[in-house]
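# Fold and contact review
Below, each chain spelled out in residue letters.
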Amino acid sequence: MINQVAKRYAEALFDLADEQNIVSDMYSEIADLNKVIKENDNLYDVLRSPFVKPEEKKNLVDGLFKGRVSDYSVNFLKVLIDNQRVTELDGVVMAYKGLFNEKNNVAEGTVTTVVALEPEKISELEQKLSAIYNKSVKLENIIDEDILGGVLVRIGNEEIDGSVKSRLRDLKNSLSNLIS
């Protein structure tokens, strides 16, 4: 769940990136920064620690990231440090991605199957759903043997359930109603 603080930071960063025409690059950079920080427990601990002075944290950020990512990204990370909001970076990245997708008319979702779908099948499904939703649909294939067969598609708050498990559940409910 993305909180209001993360949303506000994401909106401010998105507006800046939009003004500079670097919306896509900015997303890539902050997502990469977030990944590096999350994967390195020691770095994350230092950046969120109240016992390490903000100037020391900012010097560390400069040493690690300056010249590797844009000054905008480095400065954004420093703003989070100054405001003791480094722990919000994950939410900022998610909120930024939502703004990015909205601007580019993209809907992201998942397609759950028992076995991995071929890339052509995923692409075909994305095209069909794009026509239905009037957006560019991007799907991630999730493998889940519990659905028994068929497909389960989730896009935003909507769900298209064509799984064998749900069909069996519906059949069971129908039979239960007949017997009752």
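Residues numbered from 1 in each chain as written. Predicted model: local features only at pLDDT ≥ 70, side-chain atom pairs only at ≥ 80, totals over all residues. Heavy atoms only, no water.

A water-sized probe rolled over the atoms picks out the places where empty space is left. Taken as a whole, the largest pocket encloses approximately 230 Å³ of empty space. Along the walls of the largest pocket sit Ile2, Lys7, Glu11, Tyr27, Val93, Met94, Ala95, Lys97, Gly98, Leu99 and Glu108, which together make up its complete lining. Contributions of two or more residues to the lining of the largest pocket are made by helix H1 (4–19) and helix H6 (89–103). For the lining of the largest pocket, the element with the highest residue contribution is H6, accounting for six residues. The residue inventory of the lining of the largest pocket, partitioned by class, reads six nonpolar, one polar and four charged. (1 Å grid on protein atoms, 1.4 Å probe; cavity = no way out; pocket = protein on both sides within 12 Å on 5 of 7 lines; lining within 4 Å. Points joined across faces, edges and corners; volume = space filled by probe spheres on them. Helix = DSSP H or I, 4+ residues; strand = E, 2+ residues; numbered from the N terminus. Nonpolar A, V, L, I, M, F, W, Y, C, P; charged D, E, K, R; others polar.)

With a phi close to 55 degrees, Gln84 is a non-glycine residue in the positive phi region. One can find Gln84 in the loop between helix H5 (71–82) and H6. The exposure class of Gln84 is exposed, given its relative accessible area of 69%. (Buried < 20%, exposed > 50% of the residue type's maximum accessible area, 1.4 Å probe, protein only.)

To continue, consider the sheet that holds strand S3 (residues 150–155). Strands belonging to one sheet form pairs held by backbone hydrogen bonds; the direction of such a pair is parallel or antiparallel. Here four strands make up an open sheet; going across it, the order is S2-S1-S3-S4 and the pairing mixed. Every other strand in the sheet has two partners, leaving strand S2 (136–143) and strand S4 (158–163) as the edge strands with one partner each. Averaged over neighbouring strand pairs, the angle between their axes works out to 20 degrees when direction is ignored. Summarising the sheet, S3 and S4 pair through six bridges and their orientation is antiparallel. Pairing of Ile155 across the sheet is with Glu158, part of S4. Here helix H8 (residues 164–179) sits on the sheet in contact with S3 and S4, set at roughly 80 degrees to S4. (Pairing = 2+ DSSP bridges. Axes fitted to C-alpha atoms, helices over the stretch in contact; angles between N-to-C directions. Contact = heavy atoms within 4.5 Å.)

The final tally for this structure, using the stated rule, is four aromatic pairs. Aromatic side chains Tyr9 and Phe76 sit 6.4 Å apart centroid to centroid with 70 degrees between the ring planes, which places their arrangement in the edge-to-face category. Taken together, the residues Tyr9 in helix H1 and Phe76 in helix H5 connect sequence positions 67 residues apart. Site record: aromatic cluster; members linked through ring pairs are Phe14, Tyr27, Tyr96 and Phe100. (Phe/Tyr/Trp six-rings, centres within 6.5 Å; stacked < 30°, edge-to-face > 60°.)

Position of Leu47 relative to the elements: it lies in helix H3 (residues 41–48). You can call Leu47 buried: its relative accessible area is 2%. On a C-alpha basis, the gap between Leu47 and Leu80 in space is 9.6 Å, while along the polypeptide they are 33 residues apart.

Function cannot be read off these values alone, since they describe shape.
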